[in-house]
Amino acid sequence: MDKKECPGCAVEIDADAEVCPICGYEFPSQPLSLQIVAWVMIILLLLYWVVF
């Protein structure tokens, strides 16, 4: 199972956890629309870089 480190208490927890069970740190989540916009911007920048 994948693990990630909690920035609040430095304990390794499950990668799927949204809240640290030790200290209660809430991992920020990004909405799907923001992820799509970010990928579109990356693709446009790469296309611009290739063309010019």
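Before any of the text, the structure's been laid out above.
Because the structure is a prediction, the values reported are computed rather than measured. (Residues numbered from 1 in each chain as written. Predicted model: local features only at pLDDT ≥ 70, side-chain atom pairs only at ≥ 80, totals over all residues. Heavy atoms only, no water.)

Asks: Hey, could you run me through the pattern of salt bridges in this one?
Replies: A side chain of one charge can pair with a side chain of the opposite charge when the charged atoms of the two come close. The tally for this structure, following the rule as stated, stands at one salt bridge. Between D14 and K3 there is a salt bridge, and its shortest N-O distance comes to 3.4 Å. Separated by 11 residues along the polypeptide, D14 in strand β2 (residues 12–14) and K3 in strand β1 (residues 3–5) bring together distant segments of the chain. On the basis of relative accessible area, K3 is assigned to the partly exposed category, the value being 48%. (Salt bridge = Lys/Arg side-chain N within 4 Å of Asp/Glu carboxyl O. Helix = DSSP H or I, 4+ residues; strand = E, 2+ residues; numbered from the N terminus. Buried < 20%, exposed > 50% of the residue type's maximum accessible area, 1.4 Å probe, protein only.)

Asks: Looking at this model, I keep getting lost on the nonpolar core. Mind explaining?
Replies: For soluble globular proteins, nonpolar side chains are generally found buried alongside one another. If you look at the biggest cluster of nonpolar residues, it comprises five residues: C6, I13, A17, C20 and F27. Ignoring anything within four residues of it in the chain, the contact list for C20 reads C6, C9, I13, Y25 and F27. (Core = buried A, V, L, I, M, F, W, Y, C linked by side-chain atoms within 4.5 Å. Contact = heavy atoms within 4.5 Å.)

Asks: What exactly am I supposed to notice about the packing of aromatic side chains here?
Replies: In the structure shown here, the tally under the stated rule is two aromatic pairs. Look at Y48 and F52: their rings are 4.9 Å apart centre to centre, the planes differ by 50 degrees, and that puts the pair in the tilted class. With respect to burial, Y48 and F52 carry one shared label: exposed. (Phe/Tyr/Trp six-rings, centres within 6.5 Å; stacked < 30°, edge-to-face > 60°.)

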